[in-house]
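# Chains, contacts and geometry: an overview
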Amino acid sequence: MYLENHLRNIRQESEKYMDEDLLQYYTKQWVRYTTAARVINNVFMYINRYWVKREIDEDKKNDIYDIFTLTLVNWKRHLFSYVHHNVIAAVLKLIERQRNGESIETGLIKSVVESFVALGLDQNDATKSNFAVYQEYFEGPFIAATEVYYKTESEKFISENSVPDYMKKAETRLAEEENRVEMYLHESTAKTLISVCETVLVKNHAEVISDGFQQLLNLDKQDDLHRMYCLLARIPDGLDPMRVSFESHVRKAGLGAVERIGQQEKDAAVDPKTYVEALLSVHKQYNDLVQSAFSGEAGFVASLDKACGEFVNRNKVCRTSTSKSPELLARFCDTLLKKSAKNPEENELEDVLNSVMTVFKYVEDKDVFQKFYSKMLAKRLVNGTSASDDAEGSMISKLKEACGFEYTSKLQRMLTDMSLSKEMNDNFKEVLQHHEDTNHVDFSMLVLGAGSWPLSAPSTSFSIPDDVVKMYDRFQKFYQNKHSGRKLNWLFQLSKAELKTHYLKGNKTSYTFQVSTYQMGILLQYNNATSYTLKELQSRTDLAAEALNPALGILIKARVLLLVNGQAGDDNARYDLNFDFKNKKIRINLNLAMKTEQKVETDETHKTIEEDRKYLMQAAIVRIMKTRKVMKHIALIEEVITQLQSRFKPKVPDIKKCIDILLEKEFIERAEGQKDMYSYVA
Amino acid sequence: MPPKRKASMTNNKTKKPKTIPKKKSTVAVATHLYEEWFQGYADNDTDLGITPEGMQRFLTDMGANLESIDSILVAWKLSLGRMGYISKQEWMEAMENWNVQSTDQFKSMLPIWQAELANDEVFRQLYLYTFAYAKTTGQKSMDVDIALVLWDLLFETRCAHIPKFVEFIRDVRPVKVINKDQWSSLLDFIKTIPYNLEGYDSTLSWPVLFDDYAHWRKQKDL
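Residues numbered from 1 in each chain as written. Chains lettered and ligands numbered in written order. Predicted model: local features only at pLDDT ≥ 70, side-chain atom pairs only at ≥ 80, totals over all residues. Heavy atoms only, no water.

### Some thoughts on the overall build of chain B
So the rule is basically this: Secondary structure elements follow DSSP: runs of H or I of four or more residues count as helices, runs of E of two or more count as strands, with numbering from the N terminus. When a residue's accessible area, from a 1.4 Å probe over protein chains only, is under 20% of the maximum for its type it is buried; when over 50% it is exposed; and in between it is partly exposed. By the convention used here, residues are in contact when the closest approach between their heavy atoms is within 4.5 Å. Computed by Shrake-Rupley with a 1.4 Å probe, the accessible areas treat only the displayed protein chains as cover when residues are assessed.
A count of helical and extended segments in chain B gives 11 helices and 2 strands. Secondary structure elements of chain B, listed N to C terminal, follow the sequence α-α-α-α-α-α-α-β-α-α-β-α-α. Here chain B holds 222 residues, and 42% of them are scored as buried. Relative to all contacts within chain B whose residues are 6 or more apart in sequence, the contacts with residues 24 or more apart total 69%. Total accessible area on chain B stands at roughly 12,900 Å², and carbon and sulfur atoms take up 53% of it.

### Overview of the layout of surface pockets
Our working rule: Using a grid of 1 Å spacing that covers the protein atoms alone, one calls a set of points a cavity when a 1.4 Å probe fits there but cannot get out, and a pocket when the set is open and has protein on both sides within 12 Å along at least five of seven lines; lining residues are those with an atom within 4 Å of a point. Grid points are joined across faces, edges and corners, and a volume is the space filled by probe spheres set on the points. Polar here means any residue outside two lists: the nonpolar Ala, Val, Leu, Ile, Met, Phe, Trp, Tyr, Cys and Pro, and the charged Asp, Glu, Lys and Arg; Gly therefore counts as polar.
Looking at the second largest pocket, its volume works out to about 780 Å³. As for the second largest pocket, its lining consists of 25 residues, and the residues nearest its centre are Glu669 and Arg670 of chain A together with Lys180, Asp181 and Ser184 of chain B. Contributing elements (two or more residues each) for the lining of the second largest pocket: α26 (652-664) and β8 (668-670) of chain A together with α7 (120-134) and α10 (180-192) of chain B. No other element matches the 6 residues that α10 of chain B contributes to the lining of the second largest pocket. In terms of residue class, the lining of the second largest pocket is made up of 8 nonpolar, 5 polar and 12 charged.

### Points about the interface of chain A and chain B
Quoted interface sizes are often the accessible area lost when the parts come together. The condition is simple: Buried area counts how much accessible surface, traced with a 1.4 Å probe, disappears from two parts once they are put together, with both parts' losses summed. The term salt bridge refers to a pairing of a side-chain nitrogen on Lys or Arg with a carboxyl oxygen on Asp or Glu at a separation within 4 Å. Each polar contact in these results corresponds to two N or O atoms within 3.5 Å; when the atoms are within protein, one needs to be able to donate a hydrogen and the other to accept it, and residues that are neighboring in sequence are counted only if both atoms are side-chain atoms.
Contacts between the two partners involve 15 residues from chain A, matched on the other side by 16 residues from chain B. Summed over both sides, the interface between chain A and chain B buries roughly 1,200 Å², with carbon and sulfur atoms accounting for 52% of that surface. When the area that chain A buries against chain B is broken down by residue, the three leading residues are Lys656, Glu664 and Lys675 of chain A, summing to 45%. At the boundary of chain A with chain B, the tally comes to 2 salt bridges. The shortest N-O distance in the salt bridge between Asp211 of chain B and Lys656 of chain A comes to 2.7 Å. Counting across the interface, chain A meets chain B through 12 residue pairs in polar contact (both at pLDDT 80 or more). If you list the elements that add at least two residues to the side of chain A that touches chain B, you get α25 (633-644) and α26 of chain A. Looking at which element gives the most residues to the side of chain A that touches chain B, the answer is α26 of chain A, with 7 residues.

### Considerations on the side chain of Ser679 of chain A
On the secondary structure map, Ser679 of chain A appears in strand β9 (residues 677-680). Relative accessible area serves as the criterion here: at 14%, Ser679 of chain A is assigned to the buried category.

### Observations regarding unusual backbone geometry
The phi angle at Ser295 of chain A is positive, at roughly 50°, despite the residue not being glycine. Within the secondary structure, Ser295 of chain A is located in the loop between α13 (272-293) and α14 (298-313). Positive phi, close to 55°, is recorded for Arg173 of chain B, a residue that is not glycine.

Listed below in structure tokens is the structure:
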């Protein structure tokens, strides 16, 4: 009864106060009251332990509490229920003042909040507390007030300020609120409070914020971009519009970069190096941005990948064909791996090769890259122009890592053939030394597995000059002894020779001609006579006109031979040895490839790729149908695409053509009565 | 296993004599009749039986219109294997099968057969049969010029697609031969795709030839 009176007094007293004073009064009384209650509680410990416990256990009445709880119940009943409106209004006012930038006594709010938490008494179990009072009387109104406050503020602010400024504001506001919870609110509020703030501050303005994205990208404002990412990441699907604009921005940047090269180079062939470097610089720029501003978030990485895939495969340089990029990339590799004065240092090279792999990852037509790469690798190896075995091996293992063993198995075998050939050369030389008739011809060869090398047999016959035929026979025997049953095809069109001149009287030193085998075949004839007609040369070398004429052409141009009468290419044209031959250099390279040849070769390579793809697609269809037996048309198309994706992106019309072919060849047939279903014909 | 097979073989042997004696006189007479009838059309300079010239006479006698679907219809009904030819065996089997003994009898059957074609399924069977009948013997595909003529014959005015399709093949010459799949898909195509090609999807299972046709139509805005 005393308690009730006391509380009534406090209540009446409290009505005199408002706002902050009220809070001060309330807190003061609360502290006094609870302290007293604790003391009383200790005094009546005995009753707590026995009488109260018994009463509760026997469950006679439910308004029996231990003493401390009892005091709280009374406080709530006789004071709190009357004053809470004013108290809470005062608290909220105080918080608003703080939000407006005034400093306030946060301790007051903290203790009021604590009292609310303490008053949360569980009806059924007096020893446990819950947050019912806190949530009902404080949290609800507080959240509502917050929402209204920020709604007004944010709408006003965003209409008056730029997006980056608004984002700064929102960011600080969110941090403030998080701080507030930590400072004087109960931690359970954090989740609701922050989510309300996010909704009001971010979600409601998400569209406006996202609209500012493009401009920030254009200006490359990394900090603002990062801020935007952090804000929009807070709300569900908030990043989606950003990802979409990011993707299209990167794609445009890539296309633009490529277009600029196209303009610089005009109609001339695009330089692989500039091309690849342009692609790389765009990728690097935005990859860095993703890492720094977007924390390397997976969605943005995916957008970046998608955009890169787009502009790497479809841009101005590629025009309509997606196979241009892989070709240029392979050519770039060739320039890197070829012996050249401009070759980068070893560890630098490794970096460049790694960046090549970055572009490679985006290339759709990996089979095109493989074709060109293996052609150029073969050329490097056969001509001995590869800069370093280690670099070759390292590049191949990178490709293997990216595309699997099968993709590089032929390339790998090419390297193996090279080292085997080296060994064989040594062996063969040893054997030669045991023979008495020392030959004046140095000889070396490469034995290359026909299956792994992209080389074709010579298109012309060739009769080996007497001077070297002995060596030829000896090696044939040597090889057959070692590997009986294997057939050696001599690829003379790829072979070369060095010839020393002894016929030039004018010079003290003799010249060394680096020539193709065919040129050697021609020049060695002049050991027997000094003048031949074209017809004679043809019958002696047995070369077809297509091989003989270009070989002669270079010799004429270099004035090693002289065309004395008739038209070049005429049967009766006469070619004489030039005894007045002069040149500044001692070693003269006459083994030159024609520019036109290169173009033809590129076209041919593209053609063989087309053929290969047809077979790959047909094989895939048959393989799939063999395991599935019956399959719907669309499912089959999809499966073919998935299976071949790692090599190239098959086009639906091309797959359909292959299906047509297989239907005709009766590998598959249309299922009875269902025209969009195929079944496998065993 | 072996004994069983032997039993069945003897069965076969005994079966034949059993049936023949019963109808001996009629069958013998019929066989004789058929043979005589056959000789009337057969080209005796060759051993091919009835050749295109005899075939033409036979069809005219039957009252068939040579410039129409009739000639194929008759061939289908008689289960002929090669366009323009009837071997003796084919003749005998066909006559026995239909049990006809005179030209007039045949003549009366033709309208019935023609009427049957109104049934889509019957027409479909005839259409599918035509491919095997008309393709060059020993090859998998049909010469495109023959196919063009046949489509004209078979569909006449049945379908608006056909004249356009024929025009496409004639003008563009996308193929030299028509394969079985293209042949049989055409029937599905004209059945399921409206003349304005609405809803045609070139990613579906239509042979590429039809994709090309649709593309051509679109390009020419026909």
